Amino acid sequence: MKIIIILCSPLLVMPFLLKAQNTFDANGGCLNVVDFTVGQPMGSYGDWCYSVTYQHEVFVNERFTIGAGVGYNYHDKFKYSAIPLFISSHYFFVDKRFSPFVNLKMGAYGMFGKKYVGTFEKYSLADKDHDQAFNLYFSSGVGIKVHLTSNIGVIASVTDEAYLVKTFDVSRKDYRSKLSHSLGLNIGICFQIKGW
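**Q** With reference to specific residues and values, describe the pattern of salt bridges.
**A** All told, the structure shown has one salt bridge when counted by the stated rule. Across the pair K178 and D169 runs a salt bridge whose closest N-O atoms are separated by 2.9 Å. For K178, a relative accessible area of 23% gives the class partly exposed. On the accessibility criterion, D169 (4% relative accessible area) is buried.

Structure, rendered in structure tokens:
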């Protein structure tokens, strides 16, 4: 009987914990998000990508945040790494423990470690003489946030990760700027740092 009581006691306490684990305090600091994404190719120049990002955002109100972030991304078919710097925002549809949200990241990225350059084949990147003027990065997503405590939550989302690359266009037989899209499956943690 004691074993049954010991095993069931967490179930009895759970409703009280769920009530306490409600939402972030919009007046009490900043929102930080660390997420990991695996993306599969979308479109004719889509690519497998693997990324991690960090976003630091301030609360505009209980449901809307805006800030900036940085990340690391590796593209499998294009064979390069990228470090995006971006403006980010989240909009949470309800101010509750479980909340669907949308997010947007937009900025630029630095490319390094290019290994597939100037071969005049699909997924070949342009060499230095043909580089594009601006490396655009953007990502839009939809997902859900679940609070574990009043300051920590878990997020899961589906994203469209897009990088503007100058690659070989097989139909025009020349290097052109193309958007490389990936459908990302994303999981991460969000936490609030008080006093920021």
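**Q** I'd like a description of the environment of T119, backed by residues and values.
**A** Tracing the backbone shows T119 in the loop between β5 (98-112) and β6 (136-147). Of the residues examined, T119 reaches a relative accessible area of 35% and is grouped as partly exposed.

**Q** Tell me about the sheet that holds strand β4 (residues 80-92), and please be specific about residues and values.
**A** Read around the closed barrel, eight strands run β1-β2-β3-β4-β5-β6-β7-β8, paired in antiparallel fashion. Each adjacent strand pair in this sheet contributes to an overall mean axis angle of 25°, direction not counted.

**Q** Before we move on, can you summarise the side chain of K105 with the specific residues and values?
**A** By secondary structure assignment, the location of K105 is in strand β5. Despite its burial, K105 remains without a salt bridge, the nearest opposite charge being carried by D35 at 4.1 Å. Those residues in contact with K105 that sit more than four places away from it in its chain are D35, T53, Q55, F86, I87, S88, Y137, F138, S139 and E161.

Cut-offs and rules
Residues numbered from 1 in each chain as written. Predicted model: local features only at pLDDT ≥ 70, side-chain atom pairs only at ≥ 80, totals over all residues. Heavy atoms only, no water. Salt bridge = Lys/Arg side-chain N within 4 Å of Asp/Glu carboxyl O. Buried < 20%, exposed > 50% of the residue type's maximum accessible area, 1.4 Å probe, protein only. Helix = DSSP H or I, 4+ residues; strand = E, 2+ residues; numbered from the N terminus. Pairing = 2+ DSSP bridges. Axes fitted to C-alpha atoms, helices over the stretch in contact; angles between N-to-C directions. Lys, Arg positive; Asp, Glu negative; His and termini not counted. Contact = heavy atoms within 4.5 Å.

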